[in-house]
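Examining the three-dimensional arrangement
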Amino acid sequence: MPHDPTPRQPEGATTLTLPQALQRALAACQRGDWPEAERVCRLILSARAEHADALNLLGMIALQTRRPQEAVDLFSRVLAVSAGSVQTHLARASALGILGRREEALAGYDSAIALAPDSAEAHLNRGIVLGELGRREEALASCERAAVLRPDFALAHYNHGLALHALGRLPEALAAFDRAIALRADLAGAHNNRGVVLRGLGRLPEALESHERAIALEPASAEAHNNRGAVLRGLRRPAQALESYARAIAIRPAFAQAHYNAGNAMGDLGRHAEALECCERAISADPGYVEAHVRRGIALRDLGRRLEALHSYERALALDPAFDWLEGLWLHEKMRMCDWSGLAGHVAHLAGRIERGERAAAPFAVLAMPVTQDVQGKAAQTWAQAMHPARELLPAGAPVPRGGRIRVGYFSADFQEHATSYLVAEILERHDRARFEVTAYSFGPDMQDAMRSRIAAAVERFVDVRDRSDEEVARLARGHGIDIAVDLKGFTEDARTGIFALRAAPIQVNYLGYPGTMAAPYIDYVVADATVVPEEHHAHYTESVVLMPDSYQANDSKRRISGREFTRAQMGLPESGFVFCSFNNNFKIGPGTFDAWMRILSRVEGSVLWLLEDNEWAAANLRAEAVRRGIDAARLVFARRMPLDEHLARHRLADLFLDTLPYNAHTTASDALWAGLPVLTCLGGTFAGRVAASLLRAVGLPELVVDTVQEYEALALALASDAERLAGLRRRLEANRGTAPLFDAARFAANLETAYQRMVERREAGLAPATFRVRD
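A quick note: this is a predicted structure, and the numbers were derived from the prediction, not measured.

**Considering the overall build of the protein**
If you tally the helices and strands in the protein, you get 34 helices and 14 strands. Across its three principal directions, the C-alpha atoms of the protein cover 125 × 65 × 45 Å. Counting over 776 residues, the protein shows a buried share of 55%. Computing the positive centroid from 90 side-chain charges and the negative centroid from 97, the protein places the two 1 Å apart.

**Let's talk about the pattern of salt bridges**
Taken as a whole and assessed by the stated rule, the structure comprises 63 salt bridges. Between Arg 452 and Asp 446 there is a salt bridge whose closest N-O contact spans 2.9 Å. Judged by its relative accessible area of 8%, Arg 452 falls in the buried class. Residue classification places Asp 446 among the partly exposed residues on the basis of a relative accessible area of 30%. Because the salt bridges share partners, they merge into one network encompassing Arg 405, Arg 407, Arg 433, Glu 437, Glu 460 and Arg 461.

**With respect to the packing of aromatic side chains**
Enumeration over the complete set of coordinates arrives at 18 aromatic pairs. Note on Phe 364 and Phe 587: the rings are 5.9 Å apart at their centroids and 65° apart in plane angle, and the pair reads as edge-to-face. Here Phe 364 is found in helix α21 (residues 363-366), whereas its partner Phe 587 is found in the loop between β8 (579-582) and α27 (591-603), with 223 residues between them in sequence. Taken together, a centroid distance of 5.4 Å and an interplanar angle of 70° make the contact between Phe 491 and Tyr 514 edge-to-face. Here Tyr 514 lies in the loop between β5 (507-510) and β6 (525-529) and Phe 491 lies in the loop between β4 (484-487) and α26 (497-501), a separation of 23 residues in the sequence. Residue Phe 491 shares its accessibility class with Tyr 514, and that shared class is buried. Among the aromatic residues, ring-to-ring pairing joins Trp 340, Phe 594 and Trp 597 into one connected group. One Lys or Arg, Arg 150, reaches over the ring of Phe 153 and ends 4.1 Å from the middle of that ring. The ring of Phe 583 carries the charged tip of Arg 650 above its face, separated from the ring centre by 5.4 Å.

**A short note on the packing of helix α19 (residues 326-336) against helix α20 (residues 343-355)**
At a closest axis distance of 11 Å, the pairing of α19 and α20 adopts a crossing angle of 150°. One element, α19, and the other, α20, form an angle in the roughly antiparallel class. The handedness of the crossing between α19 and α20 comes out as left-handed. Here α19 contributes Glu 327, Gly 328, Trp 330, Leu 331, Lys 334 and Met 335 to the contact with α20, which in turn contributes Leu 343, His 346, Val 347, His 349, Leu 350 and Arg 353. When grouped by side-chain class, the residues that make up the contact of α19 with α20 number six nonpolar, three polar and three charged.

**Here's the deal with unusual backbone geometry**
Glycine aside, the phi torsion of most residues is negative, and most peptide linkages are trans. With an omega dihedral of 15°, the bond running from Leu 661 to Pro 662 counts as a cis peptide bond. In this fold, Pro 662 is placed in the loop between β11 (656-658) and α30 (667-674). Phi at Arg 236 is positive, roughly 65°, even though this residue is not glycine. Positionally, Arg 236 belongs in the loop between α13 (222-234) and α14 (238-251). On the accessibility criterion, Arg 236 (30% relative accessible area) is partly exposed. Residues other than glycine seldom take positive phi values, yet Leu 512 does so here, at roughly 80°. Position of Leu 512 among the secondary structure elements: in the loop between β5 and β6. On the basis of relative accessibility, which here comes to 13%, the residue Leu 512 falls in the buried class.

**Brief notes about the pairing of strand β1 (residues 406-412)**
Here is the key point about a regular strand: its side chains alternate between the two faces of the sheet. Summarising burial for β1: seven of the seven residues are buried, a large majority. Of the two faces of β1, the one carrying Ile 406, Val 408, Tyr 410 and Ser 412 and the one carrying Arg 407, Gly 409 and Phe 411 are both buried. Examined bridge by bridge, β1 and strand β2 (residues 436-442) share seven bridges and lie parallel to one another. Note that in β2 the partner of Gly 409 across the bridge is Thr 439. Relative to β4, β1 runs parallel, the two sharing four bridges.

**Considering the state of the cysteines**
Taken as a whole, this structure holds zero disulfides when the rule is applied. Distance from the sulfur of Cys 41, which forms no disulfide, to the nearest cysteine sulfur (Cys 29) is 6.3 Å. Looking at Cys 41, the relative accessible area reads 0%, which means it is buried.

**Description of the sheet that holds β1**
In space, the eight strands of this open sheet follow the order β3-β2-β1-β4-β5-β6-β7-β14, with parallel pairing throughout. Both outer strands of the open sheet, β3 (461-464) and β14 (772-773), are each paired with one neighbouring strand and no more.

**Some thoughts on the environment of Val 78**
Along the chain, Val 78 falls in helix α4 (residues 68-81). A residue is classified by how much of its surface remains accessible, and Val 78, at 2% relative accessible area, is buried. Sequence separation between Val 78 and Thr 372 is 294 residues, and the spatial gap between their C-alpha atoms is 67 Å. Discounting residues that sit within four places of it in the chain, Val 78 has contacts with Ala 52, Leu 55, Asn 56 and Thr 88.

**Concerning the sheet that holds strand β13 (residues 705-706)**
With respect to topology, six strands assemble into an open sheet ordered β10-β9-β8-β11-β12-β13, the strand pairing being parallel. Each edge of the sheet is formed by a strand with only one pairing partner; in this case those strands are β10 (636-639) and β13. Here α27 sits on the sheet and contacts β8, β9 (608-612), β10 and β11; the angle it forms with β9, its principal contact strand, is near 145°. Here helix α28 (residues 616-628) sits on the sheet in contact with β9 and β10, set at roughly 165° to β10.

**Observations regarding the side chain of His 388**
You can see His 388 is positioned in the loop between α22 (373-387) and β1. Residue class for His 388 comes out buried when judged on its relative accessible area of 19%. Contact partners of His 388, with chain neighbours within four places excluded, come to Trp 383, Thr 497, Gly 498, Ala 501 and Tyr 522.

**A word on the environment of Ala 633**
Relative to the assigned elements, Ala 633 resides in the loop between α28 and β10. Linking Ala 633 and Gln 23, residues 610 residues apart in sequence, is a C-alpha distance of 91 Å. With residues up to four places along the chain from it excluded, the contact list for Ala 633 reads Arg 623 and Val 627.

**Topic: the environment of Phe 411**
With respect to the secondary-structure elements, Phe 411 resides in strand β1. Residues Phe 411 and Ile 499, 88 residues apart in the sequence, show an inter-C-alpha distance of 9.4 Å. Among residues more than four places away in sequence, those in contact with Phe 411 are Tyr 441, Phe 443, Val 473, Ala 477, Ala 485, Val 486, Asp 487, Leu 488, Lys 489, Ile 499, Phe 500 and Ala 504.

**So, the packing of helix α23 (residues 419-430) against helix α34 (residues 745-764)**
Relative orientation of the contacting elements α23 and α34 amounts to 70°, with a least axis distance of 9 Å. The orientation of α23 relative to α34 falls into the category roughly perpendicular. Between α23 and α34, the contacting residues are Glu 426, Ile 427 and Arg 430 on the first element and Ala 745, Ala 746, Phe 748, Ala 749, Leu 752 and Glu 753 on the second. By residue class, the composition of the contact of α23 with α34 is six nonpolar, no polar and three charged.

Thresholds, definitions, all that
Residues numbered from 1 in each chain as written. Predicted model: local features only at pLDDT ≥ 70, side-chain atom pairs only at ≥ 80, totals over all residues. Heavy atoms only, no water. Helix = DSSP H or I, 4+ residues; strand = E, 2+ residues; numbered from the N terminus. Buried < 20%, exposed > 50% of the residue type's maximum accessible area, 1.4 Å probe, protein only. Lys, Arg positive; Asp, Glu negative; His and termini not counted. Charge placed at Lys NZ, Arg CZ, Asp CG, Glu CD. Salt bridge = Lys/Arg side-chain N within 4 Å of Asp/Glu carboxyl O. Phe/Tyr/Trp six-rings, centres within 6.5 Å; stacked < 30°, edge-to-face > 60°. Lys NZ or Arg CZ within 6 Å of the ring centre and 35° of its normal. Axes fitted to C-alpha atoms, helices over the stretch in contact; angles between N-to-C directions. Parallel < 35°, antiparallel > 145°, perpendicular 65-115°, else oblique. Left-handed = near helix turned anticlockwise from the far one by under 90°. Contact = heavy atoms within 4.5 Å. Nonpolar A, V, L, I, M, F, W, Y, C, P; charged D, E, K, R; others polar. Pairing = 2+ DSSP bridges. Disulfide = S-S within 2.5 Å.

See below:
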């Protein structure tokens, strides 16, 4: 008896042919009645098990109802009994993609394109999968092909924009998102990703508008709220950013990136314990989230929990050894703790990565490492290009009439009780107001201390810009008609290099804060001298070098030294015996310097080494290192931080300051010399390693500058054993303090003004910046 192709119906029901049953299933699909559509399809299959159309429709139903594996199986059955349609191949590939089987999905899209070469949908989905596979150039080509095949296909332009963004082609990505929005103004994802691109281009106000438009279209988009927060943080509005992150987290409680971003904003606000909590929530949501482990380490560091911070960085390194800037951050933290285990190998590895142009370390972290100027310069160049590329957001400003005066702007986060301000305060006071108009732009905290008040009184305009974006600050400086923008931060902590990348002024100068080249095309000059940057080193600087006649370092001749008389006992020092000291930050102490110190101690009986205690781990590690070198740990005495005037006063208890290499004492050396304590230094090979030599020559004690470690040790021993010779140095230092160039702020200010005048004259003559020497 022949097989009856009519599906069996319940008793009393109308009998349907297979085509009629299929039409009923399709009608159920169209009205979203998936259970009914599935029931009818299964009736068809009970009558004809390999009915291709019913299998195909049932696969579509499985895909719509989130059963991707069942959909794959059903579509595979279709393809086993027929060639299948383009839509079958597309749908099967889509289900494979949902299952994470991307290579198989890609093959499915290729099959669809073989059947229909002009299928924009197939090319688009192929591009999406290629992007997920990390094959970015191929992804771009497929998305581009889809947009060409269907110029009115908004999703093709949208995904074309995503592919361009992934390749870092931001202006083209922006244009693609604009095309998508022109076709579908309600495409929330396009607005959101347009905002991400605008943020990458530094166009933050426009980015904010795009994210807010995305939120208006899709209020429940956690991504849009999170991205809005990122823009607000970039606009220096961290409290408002936190509100956006909170909305994102309310929508998606396990949104790791939003928790991480909230941690960044908490850090901006100085709420480090809460920053730590945010990072831990991010890690709980995504244990492999490298950025969160790094930010957790920073929060721990800011809380003084350095060992835990180190462990957090190490966890991040285990997850991604090549993560941007992380290796340098980790190694610098080890150096802050004087943990020198494997240091030589770590430095060599880091230097190799830097030389290859990898994003291995922030430039400041490299300064204390025994590396060449080439490595330091490459680190600076890589950082500047990656983090602060030159931006052309602002039009070239028309010259503002100066009224005969040169307008100088000093930019810093340190207009407070800070080493930079201790050096520069009197120079600001001594600028010739008849010839110079001086503005201070402060982007650091308002500590409401005496130094901030002093600097505010020293300048004609003191502007607190900490809550303004880089673009707003650059526009403000241009509005003030600043001729010369002086960056007192460089690449040190809390720098705002982005202001200079926007060209805050026609002439931009790296001065005082960062001892090295910034390797940035928008920094025109570096203020130096012939000791810190001798002629043979000029090739290592992208800036033109301004050679001051004595030392490059400004100093304050008004620094007060407390009249308090400290005793050795109060400072934990022995009642007798020679006191060597070095009040440098502990990260400047490396094994080579420490070896020399321990050899000196071993040969000067009863002597001690008086050091600054940066942190408990550094003190413990240095004591252990001393013991390894046969020196009693008790001969290392650690000093706690104290107010500057009292810190200067306690220098009287020391006999000789021993400098560090490859990163010298800078302000710390000036402190010692101002307090009357001779400093012994060994001339290094980089700016950072030649500063103490510059200071000693400018104060009239050039014989305390030596060229080799052997000479350094020999002179330390000679001075420790010759009280009269040392006393003679002290007397000369005391006499020179009031007459030598180092502490002559009036002379320095006049020379600096001469340098500024030369810079402006060159520009007004249409000449490019050039190296020059200032003469008294």
